[in-house]
Amino acid sequence: MDPQLPQTTDAYLERIGAGRPARADAAALRELQLRHLTTVPFENLSIHLGEDIVLEEDLLLDKIVADRRGGFCYELNGAFAALLRALGFRVTLLQARVHGEAGRLGIPYDHMALRVETDDGTGPWLADVGFGDHAERPLALGDRADQRDPRGIFRIAQPPAGSGVDGAAARDYGDLDLLRDGAPQFRLDPRPRALADFRAGAWYHRTSPESGFTRSPVCSRFTTAGRITLKGHRLLTTVGTERHETLLESDEEVLAAYREHFGVRLDRLPPEEGVGVSVSNG
């Protein structure tokens, strides 16, 4: 799908159940992000089905809009950036490194997020539809105070001075830590990036046994009160602090759950044992 064509934008808006905003302001950005989070799933099924992942706007739009699939951060935020630009927002791609166990940072280009400028003089905003369980609303990128969101209390802050060589270098480059309820989520590099810059990160996450994405298939999206997730034959529903798990007995039930809860139509299930694929870098 050509991101420059008006019919592509119309189809994308239909995909997420949103109307065309009258102007590219903060209210429209909030609405578009929420609509995206509740309709387009965060999923890694392509990795386990042996499908290639190519970071080019037209192919991302083919997958997410025409094929009505989801994706992981590079795909979801890459496509969302194309939509926002078509609607008049000014968008910059940013790379981030995710905080892992014991605070260890992931690889460069571990995650893609978006810096969005609006035409109402607010922001700039940190928009993100590809980090799984994350903020429901865009976050004010220049605000260093707590930002309350339906999904938690978020703060954008400088890396702590005592965080070693990584922290010292990060502060020199102007990097920022995103925290949720006091826990660091990822470290954001504010320098502008191009979509092609994320190819190595995407290749790593779809091929490396060290990547969580190659270990097992997952499909998840926001709901109005929480989120719903399908992991293998387990359907998990979370509302607030309550979590309910349903075991789906047959493959047919799992395929039906993909269709019913995520709008994803598959002709076969991805293997549950975690089979990564080795493919050319897209």
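For the structure, check the block above.
Residues numbered from 1 in each chain as written. Predicted model: local features only at pLDDT ≥ 70, side-chain atom pairs only at ≥ 80, totals over all residues. Heavy atoms only, no water.

(A) How the structure looks around the packing of helix α1 (residues 6–15) against helix α5 (residues 73–86). The geometry of α1 relative to α5 is characterised by a closest axis approach of 10 Å and an angle of 120 degrees between their N-to-C directions. It follows that α1 is oblique to α5 by the angle criterion. Considering only the axes of α1 and α5, their crossing is left-handed. Residues Thr9, Tyr12 and Leu13 of α1 lie in contact with α5, whose contacting residues are Leu76, Ala79, Phe80, Leu83 and Ala86. (Axes fitted to C-alpha atoms, helices over the stretch in contact; angles between N-to-C directions. Helix = DSSP H or I, 4+ residues; strand = E, 2+ residues; numbered from the N terminus. Parallel < 35°, antiparallel > 145°, perpendicular 65-115°, else oblique. Left-handed = near helix turned anticlockwise from the far one by under 90°. Contact = heavy atoms within 4.5 Å.)

(B) View of the packing of aromatic side chains. By the definition in use, this model includes 6 aromatic pairs. Measuring from centroid to centroid gives 6.1 Å for Phe42 and Phe213, while their planes differ by 50 degrees, and the two rings are tilted. Taken as a pair, Phe42 in strand β1 (residues 42–43) and Phe213 in the loop between α7 (199–207) and β10 (219–222) lie far apart in primary sequence, 171 residues in all. Relative to Tyr74, the ring of Phe72 lies with its centre 5.1 Å away and its plane at 85 degrees, an arrangement referred to as edge-to-face. Using a relative accessible area of 0% as the deciding quantity, one classes Tyr74 as buried. Each member of the aromatic cluster is reached from another via a ring pair, and the members are Phe42, Phe72, Tyr74, Tyr109, Phe198 and Phe213. (Phe/Tyr/Trp six-rings, centres within 6.5 Å; stacked < 30°, edge-to-face > 60°. Buried < 20%, exposed > 50% of the residue type's maximum accessible area, 1.4 Å probe, protein only.)

(C) Highlighting the nonpolar core. Among the nonpolar cores identified, the biggest contains 45 residues, and Tyr12, Leu32, Phe80, Leu84, Phe89 and Leu114 are the most heavily contacted of them. Residue assignment for this core shows that the elements contributing at least two residues are α1, α2 (26–39), α4 (57–66), α5, β2 (90–98), β3 (111–117) and β4 (125–127). Of all the elements, α5 adds the most residues to this core, at 8 residues. If sequence neighbours within four positions are ignored, Phe80 has contacts with Tyr12, Leu32, Gln33, His36, Leu114, Ala127 and Val129. (Core = buried A, V, L, I, M, F, W, Y, C linked by side-chain atoms within 4.5 Å.)

(D) Region of the structure containing the pattern of salt bridges. One pass over the full model with this rule turns up 19 salt bridges. The partner of Glu57 in a salt bridge is Arg85, and the shortest N-O contact between them spans 3.3 Å. Of this pair, Glu57 sits in helix α4 while Arg85 sits in helix α5, placing them 28 residues apart in sequence. One salt bridge connects Arg191 with Asp189, and the closest N-O pair in it is separated by 2.8 Å. Here the salt bridges share partners, and the residues they tie into one network are Glu43, Glu51 and Arg69. (Salt bridge = Lys/Arg side-chain N within 4 Å of Asp/Glu carboxyl O.)

(E) Highlighting unusual backbone geometry. Each neighbour pair has its own omega, and for Gly123 with Pro124 the value is 5 degrees, a cis peptide bond. Here Pro124 shows up in the loop between β3 and β4. Its identity as a non-glycine residue notwithstanding, Arg68 has a phi of 55 degrees, on the positive side. Position of Arg68 among the secondary structure elements: in the loop between α4 and α5. Phi is positive for Asp181, close to 50 degrees, though the residue is something other than glycine. Locating Asp181 in the fold gives a position in the loop between β8 (176–180) and β9 (183–193).

(F) Molecular detail of the sheet that holds β8. Read across the open sheet, the 8 strands follow the order β5-β4-β3-β2-β9-β8-β7-β6; overall the sheet is antiparallel. A single partner strand is all that each edge strand has here, and the edge strands are β5 (139–140) and β6 (147–149). Judged from the 2 bridges that link them, β4 and β5 form a sheet pairing that is antiparallel. Looking across to β5, one finds that Trp125 is bridged to Ala140. Relative to the sheet, α5 contacts β2, β3 and β4, its axis offset from that of β3 by approximately 15 degrees. (Pairing = 2+ DSSP bridges.)

(G) Focus on the environment of Leu176. Position of Leu176 among the secondary structure elements: in strand β8. Here the alpha-carbon distance between Leu176 and Arg144, two residues 32 residues apart in the chain, equals 9.9 Å.

(H) Representation of α1 within the structure. Every buried residue belonging to α1 is among Thr8, Thr9, Tyr12, Leu13 and Arg15, and all of these are buried. All buried residues of α1 lie within an arc of 155 degrees about the axis, which places them on one face of the element. Opposite the buried face of α1, by more than 90 degrees, sit the exposed residues Pro6, Gln7 and Glu14. In this fold, the buried residues of α1 make contact with α2, α4 and α5. Two residues or fewer after α1 comes Gly17, characterised by a positive phi angle close to 70 degrees. (Arc of directions from axis to C-beta.)

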